[in-house]
Amino acid sequence: MKFINFVKQEIAVIKDRDPAIKSTMEVFLYPSFKAILKYRKAHKLFLKKHYYRARRISQKTARQTGIEIHPGAQIGEGLFIDHGHGVVIGETAIIGDNVTLYQGVTLGGTGKEQGKRHPTVGNNVMIGAGAKVLGSVTIGNNCKIGAGSVVLKDVPDNATVVGVPGRIVVLNDVRVADANDLDQVDLPDPVMNDIDELKTENDELKERIIQLEDKLNECRKANSK
Ligand SMILES: CC(C)(COP(=O)(O)OP(=O)(O)OC[C@H]1O[C@@H](n2cnc3c(N)ncnc32)[C@H](O)[C@@H]1OP(=O)(O)O)[C@@H](O)C(=O)NCCC(=O)NCCS
Ligand SMILES: CC(=O)OC[C@H](N)C(=O)O
């Protein structure tokens, strides 16, 4: 993409997603602007296997902006990183289009995986301040990851995830019941429920046997007359 088109796109993206911007010129002050511009350059070098030069750009940019994007990460159009401090995007992360990240977001590894070890993030996703998405997990399209969450599992499309570990609280615009909604004192006990059902069944069978024995005795009496 030509530089002028990149600038136009960035202006549109930031004006769309950040109510704090007041004038077009401010776009050049955003660390996100610099970090993404430099990432695109570093990524091209990475694809040509110029790994050292690519890393040199990304590390220098990290020092200047607080945003560390590994040149190997794959990033779609319209990424916006608001504020930026302490954002880390790992080598095998894949980010779709129109994604917003706030400060302190990590798209990182768990330290337990090799190869593809960073998250895949869908389109139109917002990841809140300080959230950590770890491992080769997939965040679906149109998801919101709450500030401060730690997400370790796949998230389906159209979900809001919050907490540590992350849990789905909204799916397809519907509030999802979760462990928080349970009565923590009288938790349901599935084994006890099964035993209760078996007891009831047993009582019914006992009753049935008594009825059949009564009938049998009546028949015997009738036959003996
Ligand atoms: C998660 C978030 C996106 C809201 O998404 P939403 O789909 O509109 O969800 P809701 O606001 O309906 O919240 C759903 C539930 O999650 C809870 N919740 C929301 N955000 C949460 C968070 N970050 N951590 C823990 N719980 C959270 C709400 O209290 C609510 O629970 P309740 O129904 O028991 O009250 C928003 O709260 C958030 O965290 N945004 C991050 C923005 C950010 O990082 N800003 C920094 C700017 S510098
Ligand atoms: C600090 C903060 O909330 O930032 C989010 C966005 N830039 C805004 O001003 O609303």
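The shown structure was predicted, so the numbers you read here are calculated from the model rather than taken from an experiment. (Residues numbered from 1 in each chain as written. Chains lettered and ligands numbered in written order. Predicted model: local features only at pLDDT ≥ 70, side-chain atom pairs only at ≥ 80, totals over all residues. Heavy atoms only, no water.)

Participant: Teacher, can you tell me more about the confidence of the model for the chain here?
Facilitator: Reading predicted coordinates in detail is not appropriate for stretches of low pLDDT. Within the chain, residue pLDDT values average 94, and 95% of them lie at 70 or more. Among the prediction metrics, the complex's ipTM stands at 0.93, with pTM recorded as 0.82. (pLDDT = per-residue confidence, 0-100.)

Participant: Whenever I open this one, the UniProt feature "coiled-coil region" (unreviewed entry) in the chain confuses me. Can you help?
Facilitator: UniProt annotation of "coiled-coil region" (unreviewed entry) refers to residues 195–222 when read in the numbering used here. With 100% helix and 0% strand, residues 195–222 has end C-alpha atoms that lie 41 Å from one another. (UniProt positions renumbered as here; feature names shortened; annotations may be inferred. Helix = DSSP H or I, 4+ residues; strand = E, 2+ residues; numbered from the N terminus.)

Participant: It is not clear to me how the packing of aromatic side chains should be interpreted in this structure. Could you clarify?
Facilitator: Counting across every chain of the model gives 4 aromatic pairs. Taking 5.3 Å as the distance between ring centres and 85° as the angle between the ring planes, the aromatic pair formed by F28 and F33 counts as edge-to-face. Seen from their ring centres, F46 and Y51 are 5.0 Å apart, and the 65° between their planes marks the pair as edge-to-face. By relative accessible area, F46 is classed as buried at 18%. Each residue in the set F6, F28 and F33 is aromatic and connected to the rest through ring pairs, giving one cluster. (Phe/Tyr/Trp six-rings, centres within 6.5 Å; stacked < 30°, edge-to-face > 60°. Buried < 20%, exposed > 50% of the residue type's maximum accessible area, 1.4 Å probe, protein only.)

Participant: Would you mind going over the site of ligand 2 with me for this structure?
Facilitator: Looking at ligand 2, the residues that line it are D18, P19, A20, D82, H83 and Y102. At 2.6 Å from a nitrogen atom of ligand 2 is found a side-chain nitrogen or oxygen belonging to D18. At 2.8 Å from an oxygen atom of ligand 2 is found a side-chain nitrogen or oxygen belonging to H83. In the complex, 51% of the free accessible area of ligand 2, which totals 290 Å², lies under the protein chains. For the shell around ligand 2, the class distribution of residues is 3 nonpolar, 1 polar and 2 charged. (Near = heavy atom within 4 Å. Polar contact = N/O pair within 3.5 Å; in protein donor to acceptor, adjacent residues only side chain to side chain. Areas by Shrake-Rupley, 256 points an atom, 1.4 Å probe, with all protein chains shown as cover. Nonpolar A, V, L, I, M, F, W, Y, C, P; charged D, E, K, R; others polar.)

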